[in-house]
Amino acid sequence: MRTTRAKYDSPISVATRLAQLIVESQMFTSELALKSNNGFGIKASAPWTGDSVPHVSGEVGGARESEFRKYPSHEASIKDHAEFFTSTPFRQTDKVYGLAIKATNYKDEAKYLAPKFKGDMYSYAGDPNYATKLIDKVERYNLTQYDTKKGNDTMSFPRPKMTDRRKQALGYPGSGAYAKRSVSAIKNIVWHYTATKHEGNGATIIKNHERYWRNTYGWDIGGYHYYIDRQGNIYWNYDLEIVTYGAGRLNPQLMHISCEASSASNYTSAQVKAREALTLWLMSEPLKHLGGQDMRGHKEIPYNSTSCPGYSVAELNQYRKDLSAKLKAGSKPVDPNNPQGMATTPFKDYKEPRLPFDELKKGDTVTLDTNWQWADLTKRQLLASPKYKELLGTKDKISEVIKLDKPGNHSKVAYRLEKYNSIILEEYLEESKRSWELKPVEVETPEEVKQKYEELQEGEYIDNDGVVWVWGKK
Ligand SMILES: [Zn+2]
């Protein structure tokens, strides 16, 4: 890609400044520009002490006369405009041009020069369509070739073909909540494998994974934003703003890609290709604040103990190097507070999504469900019991309710049982989950099913037989 060194340094790219020149004065041909050489519509505001001209301009709320800067030449106007964004400390704050200054591409610059909200007093222009106009000019006149912003040195990669199953993915009904975050909060793209290698239709397989997670762990939401089957087909499960399961407490800063594979050696080449295409596209478009160095294997994420995704750290280093080379990501800005670009601190207010269990009380009869485990609260450990099969489905009585100050899995409460005189987490009792179920939704005709596909509610999904289901309270 050709880049041009700007004659006058500015924190705003040449591409955007040229677009402004076109939008503000049609390249110095507006009435204001003809009488003042002012090509950018800059008013005679402080710290300007030079000449000025009165001019009537269209403002939000009507036309009014103001004083505008008058320059001896077009060049003087271009120079003044280049420096304008940093001409006072206030102009450098996020309230005014700070966000545009920090933007790494022309689209974000345009977005932050336009009003950031209705009635924004400090934007460059009052026109709510200002960003669209600037971006249109940059693209129509191919101004990116003059782009001096580092972020635009990054190669761009096309969005790979993918199946959008966001409306079919495991979601959460009603009262539950999965956390949301802004895309800029994402610090790492995490690679996983499923630790299985199911062949066949990827849409069916990922659905089966989700069923397993739901039934075994009580997850309200799946683990992976993107899933790649053995044929290399990509399935899109969640928007990047949604915090999914995948790697524990750091999830608010992570997004997840998983391949249907069980070891480093049995990834298919189609999967590896698809994963690279997907990762490069993410790093060049929606997650362009990330570079190759920000990819992580699941096992590298703090607080996780796993061999996922099967690669050694040396292999992962090589993948990072390859991604960086392809992205030319050496030019990506590095966060000085976090030069490794590593997710480290969980969000303060982040709580992993939990199944809200029904409250049980002392004396209630309970049934050990299919996945129960004993808990040793002194060690804060779950203990698998050797009597597992024998006790499965048996009944006992609660002799004590114990609130967990640091919940283990999903349970906020544990119960001591009378007969076994042992403590069990609420998630391993049938009765705790009795008001939750997977219910079929009445849909009569194939047309209605088709319509449902278009407008699935949160928590609803359609199985392979076209039956619509919803997770919810009974
Ligand atoms: Zn993993």
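Every value quoted in this text rests on a predicted model; they were computed, and no experiment measured them. (Residues numbered from 1 in each chain as written. Predicted model: local features only at pLDDT ≥ 70, side-chain atom pairs only at ≥ 80, totals over all residues. Heavy atoms only, no water.)

## Describing the overall build of the chain
Working step 1: When helices and strands are counted, the chain shows 11 helices and 17 strands.
Working step 2: A burial count over the chain gives 47% of its 474 residues as buried.
Working step 3: In the chain, the share of contacts with a sequence separation of at least 24, taken over all contacts with a separation of at least 6, comes to 67%. (Helix = DSSP H or I, 4+ residues; strand = E, 2+ residues; numbered from the N terminus. Buried < 20%, exposed > 50% of the residue type's maximum accessible area, 1.4 Å probe, protein only. Contact = heavy atoms within 4.5 Å.)

## Concerning the sheet that holds strand S8 (residues 295–297)
Working step 1: Taken in spatial order, the 6 strands line up as S3-S6-S5-S7-S4-S8 in an open sheet, and their pairing is mixed. Two strands bound the open sheet, and with one partner strand each, they are strand S3 (163–164) and S8.
Working step 2: Of the strands in this sheet, strand S4 (188–193) and S8 touch helix H9 (residues 313–327), which is tilted by about 160° from S8. (Pairing = 2+ DSSP bridges. Axes fitted to C-alpha atoms, helices over the stretch in contact; angles between N-to-C directions.)

## Some thoughts on the nonpolar core
Working step 1: With 30 residues, the main nonpolar core has Ile-189, Tyr-226, Met-255, Ile-257, Leu-278, Leu-282 and Leu-287 as its most contacted residues.
Working step 2: Elements that contribute at least two residues to this core include exactly S4, strand S5 (226–228), strand S6 (234–236), strand S7 (254–259), helix H8 (269–284) and H9.
Working step 3: The next biggest cluster of nonpolar side chains, apart from the first, holds 27 residues, and it includes Ala-19, Ile-42, Ala-110 and Ala-125. (Core = buried A, V, L, I, M, F, W, Y, C linked by side-chain atoms within 4.5 Å.)

## Here we look at the environment of Leu-278
Working step 1: For Leu-278, the position within the fold is in helix H8.
Working step 2: Put simply, Leu-278 and Arg-159 are 119 residues apart on the chain and 7.1 Å apart in space, counted from C-alpha to C-alpha.

## Regarding H8
Working step 1: The terminal C-alpha atoms of H8 lie 22 Å apart, and with 16 residues this matches the ideal 22 Å at 1.5 Å per residue to within 8%.
Working step 2: Three or more residues of H8 are buried, namely Gln-271, Ala-274, Arg-275, Leu-278, Thr-279, Leu-280, Trp-281, Leu-282, Met-283 and Ser-284.
Working step 3: On its buried face, H8 is in contact with S4, S5, S6, S7, S8 and H9. (Expected span 1.5 Å × (residues − 1).)

## Comments concerning the environment of Gly-223
Working step 1: Position of Gly-223 among the secondary structure elements: in the loop between helix H7 (202–217) and S5.
Working step 2: In the structure, Gly-223 is positioned 31 residues away from His-192 in sequence and 9.8 Å away in space, judged by C-alpha atoms.
Working step 3: Setting aside its immediate chain neighbours within four residues, Gly-223 contacts Trp-213, Thr-244, Tyr-245, Gly-246 and His-256.

## As for the confidence of the model for the chain
Working step 1: Per-residue confidence for the chain gives a mean pLDDT of 79; residues scoring 70 or more make up 72%.
Working step 2: In the predicted structure, residues 1–5 sits below a pLDDT of 50 and forms 8 contacts with residues beyond four places in sequence or in another chain.
Working step 3: With pLDDT under 50 throughout, residues 150–154 is counted as low confidence; its partners more than four residues away or in other chains account for 14 contacts. (pLDDT = per-residue confidence, 0-100.)

## Here's the deal with unusual backbone geometry
Working step 1: For the peptide bond that leads from Ala-46 to Pro-47, omega is 5°, which places it in the cis range.
Working step 2: Tracing the sequence through the fold places Pro-47 in the loop between helix H2 (31–36) and strand S1 (52–59).
Working step 3: Even without a glycine there, the phi angle at Met-27 is positive, about 55°.
Working step 4: Mapped onto the elements, Met-27 comes out in the loop between helix H1 (14–25) and H2.

## Observations concerning a nonpolar patch on the surface
Working step 1: Where nonpolar side chains cluster on the molecular surface, the patch consists of Phe-90, Met-121 and Tyr-122 and spans about 340 Å² of accessible area.
Working step 2: Its location among the elements puts Tyr-122 in the loop between helix H5 (106–113) and helix H6 (130–140).
Working step 3: For Tyr-122, a relative accessible area of 34% puts it in the partly exposed group. (Patch = residues over 30% accessible without salt bridge, like charges linked within 9 Å, V, L, I, M, F, W, Y side chains within 5 Å. Areas by Shrake-Rupley, 256 points an atom, 1.4 Å probe, with all protein chains shown as cover. Salt bridge = Lys/Arg side-chain N within 4 Å of Asp/Glu carboxyl O.)

## Overview of the coordination of the zinc ion
Working step 1: At the metal site, the zinc ion is ligated by His-192 (ND1), His-298 (ND1) and Cys-308 (SG), and these contacts range over 2.0 to 2.3 Å.
Working step 2: Here the donor residues of the zinc ion are spaced in sequence according to H-x105-H-x9-C. Remark: His-298 occurs in the loop between S8 and H9 and His-192 occurs in strand S4; sequence separation between them is 106 residues. Taken individually, His-192 and His-298 each receive the classification buried, so the pair is uniform in this respect. (Donors = N, O, S within 2.8 Å, 3.2 Å for Na, K, Ca; no water.)

## Quick notes on the packing of aromatic side chains
Two numbers describe a pair of aromatic rings. These are the distance of the centres and the angle of the planes.
Working step 1: One pass over the structure, following the stated rule, counts 14 aromatic pairs.
Working step 2: Ring centres of Trp-48 and Tyr-71 lie 5.3 Å apart, and the angle between their planes is 65°; on these two criteria the pair is classed as edge-to-face. You can see Trp-48 sitting in the loop between H2 and S1 and its partner Tyr-71 sitting in the loop between strand S2 (62–69) and helix H3 (74–84), a full 23 residues away along the chain.
Working step 3: Trp-48 gets classed as partly exposed once you look at its relative accessible area, which sits at 23%.
Working step 4: On the basis of relative accessible area, Tyr-71 is assigned to the buried category, the value being 5%.
Working step 5: Between Tyr-227 and Tyr-235, the ring centres sit 6.1 Å apart and the planes meet at 45°, which makes this aromatic pair tilted.
Working step 6: Given a relative accessible area of 0%, Tyr-227 falls into the buried group.
Working step 7: Three or more aromatic residues joined by ring pairs make a cluster, and in this case those are Phe-84, Phe-85, Tyr-97, Tyr-124 and Tyr-130.
Working step 8: Over the face of the ring belonging to Trp-236 we find Arg-166, whose NZ or CZ atom lies 3.8 Å from the ring centre.
Working step 9: The positively charged end of Arg-275 is found above the aromatic ring belonging to Tyr-319, 5.1 Å away from the centroid. (Phe/Tyr/Trp six-rings, centres within 6.5 Å; stacked < 30°, edge-to-face > 60°. Lys NZ or Arg CZ within 6 Å of the ring centre and 35° of its normal.)

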